[in-house]
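One letter stands for each residue in the lines below.
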Amino acid sequence: MAEEQAQLSWTEFKDQWGQVLFCQAIYRMPEVKTRLYDFDVEQCNKAGQIMMDAVAGYSSQDQASMKSQAEQHAYLLSRNTSEPYHSVVACREFCNKLIENRGLQVD
């Protein structure tokens, strides 16, 4: 089975990377750790690596700018989340789906 690459606009990519960063942050929270399965952190870290791989071809300056914008999106997500542990299921599904879709390509 051939691996398909998803074509994403920068906005879509930034939003997805921000979601991964948000999930990684909440997974480190003590009140959330008790609600995680063993594979949750591993999948989320793999999703983060997929994002890093997708921007690897860009200059260091562009990578830093992209990461900064993704971090801003993650911050907005955290501000709009009243209870981080409510996001565990959504993060689990999001990271799993991202891993399944693998190879991202940013336009």
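All values derive from a computational prediction rather than experimental measurement.

(A) Broad picture of the nonpolar core. Among the nonpolar cores identified, the biggest contains 23 residues, and Phe13, Trp17, Phe22, Cys23, Tyr27, Met51 and Cys91 are the most heavily contacted of them. Within the residue set of this core, elements represented by two or more residues are α1 (10-27), α3 (38-55), α4 (60-79) and α5 (88-101). When residues of this core are assigned to their parent elements, the largest contribution, eight residues, is made by α1.

(B) Main features of the side chain of Gln43. Note that Gln43 resides in helix α3. Contacts of Gln43, omitting those with residues within four sequence positions, involve Arg92, Cys95, Asn96 and Ile99.

(C) The packing of aromatic side chains, seen in detail. All chains considered together, the criterion is met by three aromatic pairs. Members of the aromatic cluster, connected to one another through ring pairs, are Trp10, Phe13 and Trp17. Above the plane of the ring of Tyr85 lies Arg35, whose end atom (NZ or CZ) is 4.1 Å from the centre.

(D) Fine view of the packing of α1 against α3. Here α1 crosses α3 at 145°, and the two axes come no closer than 10 Å. Helix-helix and strand crossings are classified by hand; for α1 and α3 the assignment is left-handed. Contact with α1, carried on its side by Phe13, Gln16, Trp17, Val20, Cys23, Gln24 and Tyr27, involves Asp40, Val41, Cys44, Asn45, Ala47, Gly48, Met51, Met52, Ala54 and Val55 of α3 and no other residues of that element. Among the residues making up the contact of α1 with α3, the classes are represented as 12 nonpolar, four polar and one charged.

(E) Seen up close, α3. Residues Asp40, Gln43, Cys44, Ala47, Gly48, Ile50, Met51, Ala54 and Val55 constitute the buried set of α3. The arc enclosing the buried residues of α3, seen along the axis, measures out at 150°, which places them on a common side. Those residues of α3 that are exposed and aimed more than 90 degrees away from the buried face are Asp38 and Asp53.

(F) Highlighting the pattern of salt bridges. All told, the structure shown has three salt bridges when counted by the stated rule. We note a salt bridge from Asp15 to Lys14, for which the minimum N-O separation is 2.9 Å. Residue Asp15 is classed as partly exposed on the basis of its relative accessible area of 28%. Its salt-bridge partner being Asp40, residue Arg92 comes within 2.8 Å of it at the nearest N-O pair. Taken together, the positions of Arg92 in helix α5 and Asp40 in helix α3 put the pair 52 residues apart, joining distant regions of the chain. For the pair Arg92 and Asp40, one class covers both residues: buried.

The rules behind the values
- Sequence positions are assigned chain by chain, starting from 1 and proceeding in written order.
- For a predicted model such as this one, the threshold for reporting local features is a pLDDT of at least 70, and the threshold for listing and counting side-chain atom pairs is 80 or more; totals across whole chains, interfaces and linings nevertheless cover every residue.
- Side-chain metrics rest on all non-hydrogen atoms present in the structure, leaving aside hydrogens and water.
- In this text, buried Ala, Val, Leu, Ile, Met, Phe, Trp, Tyr and Cys residues form a nonpolar core when linked through side-chain atoms within 4.5 Å.
- A simple rule labels every residue: compare its accessible area, found with a 1.4 Å probe on the protein chains alone, to the largest value its type can have, and call it buried under 20%, exposed over 50%, or partly exposed in between.
- Each helix corresponds to a stretch of at least 4 residues labelled H or I by DSSP, and each strand to a stretch of at least 2 residues labelled E; elements are numbered beginning at the N terminus.
- In this analysis, two residues are considered to be in contact whenever any of their non-hydrogen atoms come within 4.5 Å of each other.
- Two rings from Phe, Tyr or Trp (for Trp, the six-membered ring) form a pair when their centres sit within 6.5 Å of each other. Planes less than 30 degrees apart are called stacked, planes more than 60 degrees apart edge-to-face, and all others tilted.
- Definition used: whenever NZ (Lys) or CZ (Arg) falls within 6 Å of the ring centre and also within 35 degrees of the ring normal, the charge is taken to sit over that ring.
- With axes taken as lines fitted to C-alpha atoms, and helix axes fitted only over the stretch in contact, angles between N-to-C directions fall between 0 and 180 degrees.
- Throughout, a crossing is termed right-handed when the near helix is turned clockwise from the far one, and left-handed when it is turned anticlockwise from it by less than a right angle.
- Residue type decides the class: Asp, Glu, Lys and Arg count as charged, Ala, Val, Leu, Ile, Met, Phe, Trp, Tyr, Cys and Pro as nonpolar, and the leftover types, Gly among them, as polar.
- What the arc covers is the set of directions going from the helix axis to the C-beta atoms.
- For salt bridges, the criterion is a side-chain nitrogen of Lys or Arg within 4 Å of an Asp or Glu carboxyl oxygen.

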